[in-house]
There are 4 protein chains.
Amino acid sequence: MEMRVRFNEVDPLGITWHGHYIRYFEDGRESFGNRYGLTYLDVYNNGLVTPIVSINCNYRKSLTYDERAIVETTFVDHPAAKLLFEYKIFTLKSNELVAEGSSVQVFLDNEHRQLQLSTPAFIENWKRQHLV
Amino acid sequence: MEMRVRFNEVDPLGITWHGHYIRYFEDGRESFGNRYGLTYLDVYNNGLVTPIVSINCNYRKSLTYDERAIVETTFVDHPAAKLLFEYKIFTLKSNELVAEGSSVQVFLDNEHRQLQLSTPAFIENWKRQHLV
Amino acid sequence: MEMRVRFNEVDPLGITWHGHYIRYFEDGRESFGNRYGLTYLDVYNNGLVTPIVSINCNYRKSLTYDERAIVETTFVDHPAAKLLFEYKIFTLKSNELVAEGSSVQVFLDNEHRQLQLSTPAFIENWKRQHLV
Amino acid sequence: MEMRVRFNEVDPLGITWHGHYIRYFEDGRESFGNRYGLTYLDVYNNGLVTPIVSINCNYRKSLTYDERAIVETTFVDHPAAKLLFEYKIFTLKSNELVAEGSSVQVFLDNEHRQLQLSTPAFIENWKRQHLV
């Protein structure tokens, strides 16, 4: 997914405020979901919500105003009842690594908000279709 | 309500980004609601939601990082089925006017999202209790 | 400019929080600037900054999660030393008006932050080139 | 530092969007800085800036609209030329752990943006005064 740093995302040091990267990761995850049938709504319509339980980000370089970048989002297969994504952000111009991080999501029943201890059938099906 | 400008609210010009004032107005409105029994939850529990239909802000001065300010929120009585608030933001130090604006909210039934054409009884009661 | 409502922009009522529209207006203005040579950096490199002094927004309909919309940004010519933009947001699907608003910016010298009382030469030139 | 969840921080699931916790951590760090003389401005006036190079957050429970919480910020002493903070967020009402995380900052010269390989004198002095 390609992105561009907005004026309102730049801090007084002239670089993107670090907290916005969590938003860029979510943009990458939503873009991945739109492409591969795993959006919030796809998941919700299958009786699930998938809250984030852990997130991290390591910053290598900074992004400046109006700079273009690529968010690369990777689904990491995992035996536990979890969704694991890894993210890398590269500058569009010189392909330098700006930041990398990951997120972990669990599965809750969307009505009772009950933690699912095994991977839901919908996700197992999705994996069979999309993972090689 | 007293507030303080956060690092992540300051733009590359070293001043608070103008869009954050809409958030400060909401902080003022919520603070007003907490004090006078008119929070989102009070309203919701009376079968209503009150979406914003209009907002404006005029900027007189800028706020810089870590600067303290006061958000003054005024309920403006109005015969129509609307909630009208006015906001003034002053610097804490020198009491200068930084920005002023207003918002208009309408009443919707919280289930059917139907517009209420007359002021709901809950609001009429609230007005009788709180307006002189 | 085409946009899409992000998960993190949707409030507990299931609709885009009203304050994010100020951000969408800025996205529209930046997109306009990129297309017609009037970005923050173009302006800055000509010795100017153009802070917002007034903004307003009227909300007609709501946008829901993942909904696509168009931000239409119009430069409004004005004899005073001001930049005036008008914004309309339409749903992509059915072309319904979601919100409309406007912003006013003034010109400051980018070093001394002094208000410019007449329209700067750079802007007069830009107008001659871009307005019919 | 005590905080309260704002309406505009709550997502369609009715809980605080996970990205806002990075902001709460920064609020905690700024509150710590104000109390112990280690704000962004204190640091800047000593010729330094301290960008974040790593951040992480683990989510245990969710916060709902208007819920009060405590952000507990701890300075962790470290031999390397880094600033390490740990954060814990507890519900005010029942003192349950909501989230915990940490951040790492490095020191740059505020003019040349050059990485400082040893802990700056200002920070060494600060540590002598504030750490037992």
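Residues numbered from 1 in each chain as written. Chains lettered and ligands numbered in written order. Predicted model: local features only at pLDDT ≥ 70, side-chain atom pairs only at ≥ 80, totals over all residues. Heavy atoms only, no water.

### What to know about the environment of phenylalanine 32 of chain B
All names here are of chain B. What counts, and what does not: We count a stretch as a helix when DSSP gives it H or I for four or more residues in a row; a strand needs E for two or more, and each element gets its number in order from the N terminus. Three labels apply to residues, based on accessible area from a 1.4 Å probe with only protein chains included: buried if under 20% of the type maximum, exposed if over 50%, partly exposed otherwise in between. Residues are treated as being in contact if the distance between any of their heavy atoms lies within 4.5 Å.
Mapped onto the secondary structure, phenylalanine 32 falls in helix 1 (residues 20-36). Here phenylalanine 32 falls in the buried class, since its relative accessible area comes to 12%. Put simply, phenylalanine 32 and glutamate 72 are 40 residues apart on the chain and 9.0 Å apart in space, counted from C-alpha to C-alpha. Sequence-distant contacts of phenylalanine 32, that is, excluding residues within four places in its chain, are made with Leu38, Thr73, Phe75, Phe85 and Trp126.

### Focus on the side chain of aspartate 11 of chain D
Threshold: Residues scored as positive are Lys and Arg, those scored as negative are Asp and Glu, and His as well as the terminal groups of each chain are ignored. Any Lys or Arg side-chain nitrogen located within 4 Å of an Asp or Glu carboxyl oxygen qualifies as a salt bridge. Under this definition, polar contacts are N or O atom pairs within 3.5 Å; protein pairs additionally need one hydrogen-donor-capable and one acceptor-capable atom, and for neighbouring residues in sequence, both atoms have to be side-chain atoms.
As for its placement among the helices and strands, aspartate 11 of chain D is situated in the loop between strand 1 (2-4) and helix 1 (20-36). Here aspartate 11 of chain D sits buried without a salt bridge, and the closest side chain of opposite charge, arginine 113 of chain A, lies 7.1 Å off (N-O distance). A polar side-chain atom of aspartate 11 of chain D sits 2.7 Å from the main-chain amide nitrogen of leucine 13 of chain D.

### Looking at the interface of chain B and chain A
As a measure of interface size, the accessible area lost when the parts come together is often cited. Quick note on the threshold: Accessible area that two parts lose when put together, evaluated with a 1.4 Å probe and summed over both, is termed the buried area. Three categories are distinguished: nonpolar for Ala, Val, Leu, Ile, Met, Phe, Trp, Tyr, Cys and Pro, charged for Asp, Glu, Lys and Arg, and polar for the others, with Gly belonging to the last.
Each side of the interface is counted separately: chain B has 7 residues, and chain A has 7 residues. Interface of chain B and chain A: buried area, both sides summed, is about 770 Å²; carbon and sulfur atoms make up 76% of it. Viewed at the interface, chain A and chain B are joined by 0 salt bridges. Our count for the contact surface shared by chain B and chain A stands at 0 residue pairs in polar contact (both at pLDDT 80 or more). Of the residues assigned to the side of chain B that touches chain A, the class counts are 5 nonpolar, 1 polar and 1 charged.

### Side note on the sheet that holds strand 5 (residues 82-91) of chain D
Going by this rule: Should DSSP find at least two bridges between two strands, the strands are regarded as paired. In this description, a line fitted to the C-alpha atoms serves as the axis of each element, helices being fitted only across the stretch in contact, and the angle between N-to-C directions of two axes falls anywhere from 0 to 180 degrees.
The strand order across the open sheet built from 10 strands is 1(A)-4(A)-5(A)-6(A)-3(A)-3(D)-6(D)-5(D)-4(D)-1(D), with neighbouring strands paired in antiparallel fashion. Either end of the sheet is taken by a strand with one partner, and the two such strands are strand 1 (2-4) of chain A together with strand 1 of chain D. Neighbour-to-neighbour, the strand axes of the sheet open up by a mean angle of 20°, direction not taken into account. Note that strand 3 (residues 52-59) of chain A and strand 3 (residues 52-59) of chain D share 5 bridges and pair antiparallel.

### Thoughts on the pattern of salt bridges
Close approach of charged atoms lets side chains of opposite charge pair. Within this structure, the stated rule accounts for 32 salt bridges over all chains. With a closest N to O distance of 2.6 Å, aspartate 27 of chain C and arginine 6 of chain A form a salt bridge. Remark: arginine 6 of chain A occurs in the loop between strand 1 and helix 1 (20-36) and aspartate 27 of chain C occurs in helix 1 (residues 20-36); the pair is interchain, linking two chains. Each member of the pair, aspartate 27 of chain C as well as arginine 6 of chain A, is classed as buried. A salt bridge links arginine 4 of chain B to glutamate 30 of chain D; its shortest N-O distance comes to 2.9 Å. Taken together, the residues span two chains, with arginine 4 of chain B in strand 1 (residues 2-4) and glutamate 30 of chain D in helix 1. Connected via shared salt-bridge partners are Arg4, Asp66 and Arg68 of chain A together with Glu30 of chain C.

### Notes on the interface of chain A and chain D
At the interface, 20 residues of chain A touch 20 residues of chain D. Here chain A meets chain D over a buried area of about 1,900 Å², counting both sides, of which 59% is carbon and sulfur. On the chain A side of the contact with chain D, Leu13, Trp17 and His18 of chain A bury the most area, a combined 28% of that side's loss. For the pair chain A and chain D, the interface holds 0 salt bridges. The tally of links from chain A across to chain D stands at 10 residue pairs in polar contact (both at pLDDT 80 or more). Every element with two or more residues in the side of chain A that touches chain D is listed here: helix 1 and strand 3 of chain A. Within the side of chain A that touches chain D, the residues separate by chemical class into 11 nonpolar, 5 polar and 4 charged.

### A few points about the sheet that holds strand 6 (residues 97-106) of chain B
The 10 strands lie next to each other as 1(B)-4(B)-5(B)-6(B)-3(B)-3(C)-6(C)-5(C)-4(C)-1(C), forming an open sheet whose pairing is antiparallel. A strand with exactly one partner marks an edge of an open sheet, and here the two such strands are strand 1 of chain B together with strand 1 (2-4) of chain C. Adjacent strand axes in the sheet meet at a mean angle of 20°, parallel and antiparallel pairs treated alike.

### Thoughts on unusual backbone geometry
Here asparagine 95 of chain A, not a glycine, exhibits a phi torsion of approximately 60°, which is positive. Within the fold, asparagine 95 of chain A resides in the loop between strand 5 (82-91) and strand 6 (97-106).

### Examining the relation of the copies chain B and chain A
What counts is decided by this rule: A least-squares superposition brings the copies together, and it is based on the C-alpha atoms of residues with pLDDT no lower than 70 in both.
Each copy of the sequence occupies a distinct position, and chain B is placed on chain A by a rotation of 180° and an axial shift of 0.0 Å, giving an RMSD of 0.0 Å. On the angle and the small slide along the axis, the relation comes out as a two-fold axis.

### Focus on the side chain of threonine 16 of chain B
Here threonine 16 of chain B is to be found in the loop between strand 1 and helix 1. Discounting chain neighbours no more than four positions away, the residues touching threonine 16 of chain B are Val5, Glu9, Val10, Tyr21, Tyr24 and Leu63 of chain B.

### A closer look at the relation of the copies chain A and chain D
Least-squares fitting of chain A to chain D yields an RMSD of 0.0 Å, with the superposition described by an axial translation of 0.0 Å and a rotation of 180°. Most of the interface of chain A is mirrored in chain D, where 100% of its interface residues are also at the interface.

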